[in-house]
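# What the coordinates show
Here are the chains, one letter per residue:
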Amino acid sequence: MSIQKQITESVLILSLILGAHNIYVSAKAVKAINRNFGSLVNIAQAVASIFQFLNQGFLFLFLNLDAIKDLNGQCWLYQEIDFICFILFQFLSIGVLIFRTTVFLSKRTQLMTRCFLYLLLIGSITSATHSSINRVVFIDNDGHCAAIWYGLTNNMKIYFNLFNYSCILGMFIYSAYLLGSNVWKQARLRDVIKTVSFGVIIAIVGYLISGIFALAGVWGTSFQIEFSLENYCSILASTHQPKPISQEPESDWKSNKKTIVVTKVTELKD
């Protein structure tokens, strides 16, 4: 086994372990929140985590299964299934992140901001789809399924997501700031803001590294490492498990909630 394959396999195994952990965290988030709409968002997060795990699982299988003996030479078919898992996971994970980070905005601004960010997401998915359609699928010297993705639109996907995450981070921090200093005094909301911001920053750094390496031609045929980095950063950015309400006194939570609502209404009126 070549050193390159050993590194790629190690990265994929690590990504599968981290992916399984994200499924666990997302499942706990679904169980923790009982409000109907909040539950739908957390269910979408959990489904995205499952598709991300499946996407990484296919990449691992392609690296280890014999293309002729195990997959009957149907590399293109199985890679298409893998790509569908990728698209669903990307749409759900980034979609959940967009929804969560725009909740502080007024209705008018919220609608415009979400439309803009979802257009960037569509641009990313369109670029990824074009790269997938034009990729070259082949069987490598080790007898495994491999592919070379269409470089231009594959890189465009990275830049669309990088710009999207940058806009999300700036908008989220700015909208939290507009709520006033009271929001930073509430432990629960402060935890949400810090956690979401940290996740988005990780995604930005991950996509930035991926984009620089892609331009430099570092990835080559090791697209599994590139995709693993991007995929985990994406799912990490959208995964958030709120702290149980029991960790904060009920009276404090109620008063905090009232303070935030009043603050938000006041800001919206202004």
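Residues numbered from 1 in each chain as written. Predicted model: local features only at pLDDT ≥ 70, side-chain atom pairs only at ≥ 80, totals over all residues. Heavy atoms only, no water.

Within the structure shown, the criterion is met by eight aromatic pairs. Considering the side-chain rings of Phe-86 and Phe-89, the 6.0 Å spacing of their centres and the 70° angle between planes classify their relative orientation as edge-to-face. Of this pair, Phe-86 and Phe-89 are both found in helix α3 (residues 75-101), three residues apart, which corresponds to roughly one turn of the helix. Take Phe-86 and Phe-89: they sit in the same class, and that class is buried. Both rings, one in Tyr-165 and one in Tyr-207, keep their centres 5.7 Å apart while their planes meet at 40°; by these two values the pair is tilted. Of this pair, Tyr-165 sits in helix α5 (residues 151-178) while Tyr-207 sits in helix α6 (residues 187-216); the two residues are 42 residues apart in sequence, bridging distant segments of the chain. Taking relative accessible area as the criterion, Tyr-207 reaches 1% and is therefore assigned buried. Taken together, the ring pairs connect Phe-83, Phe-86, Phe-89, Trp-149 and Phe-227 into an aromatic cluster. Its end group placed over the ring of Trp-149, Arg-135 keeps NZ or CZ at 5.0 Å from the ring centre. (Phe/Tyr/Trp six-rings, centres within 6.5 Å; stacked < 30°, edge-to-face > 60°. Helix = DSSP H or I, 4+ residues; strand = E, 2+ residues; numbered from the N terminus. Buried < 20%, exposed > 50% of the residue type's maximum accessible area, 1.4 Å probe, protein only. Lys NZ or Arg CZ within 6 Å of the ring centre and 35° of its normal.)

Here we take up the pattern of salt bridges. Oppositely charged side chains are able to pair whenever their charged atoms sit close together. In this structure the tally under the stated criterion is two salt bridges. Across the salt bridge formed by Glu-80 and Arg-135, the nearest N and O atoms sit 3.0 Å from each other. In this pair, Glu-80 sits in helix α3 while Arg-135 sits in the loop between α4 (107-133) and β1 (136-139), placing the two residues 55 residues apart along the sequence. Summarising the burial analysis for this pair, Glu-80 and Arg-135 share the class buried. When the shortest N-O distance is used, the salt bridge between Glu-230 and Lys-157 registers 2.9 Å. Of this pair, Glu-230 sits in helix α7 (residues 223-238) while Lys-157 sits in helix α5, and the two are 73 residues apart along the sequence. Of the residues examined, Glu-230 reaches a relative accessible area of 0% and is grouped as buried. (Salt bridge = Lys/Arg side-chain N within 4 Å of Asp/Glu carboxyl O.)

Keep in mind these numbers describe shape, not what the thing actually does.
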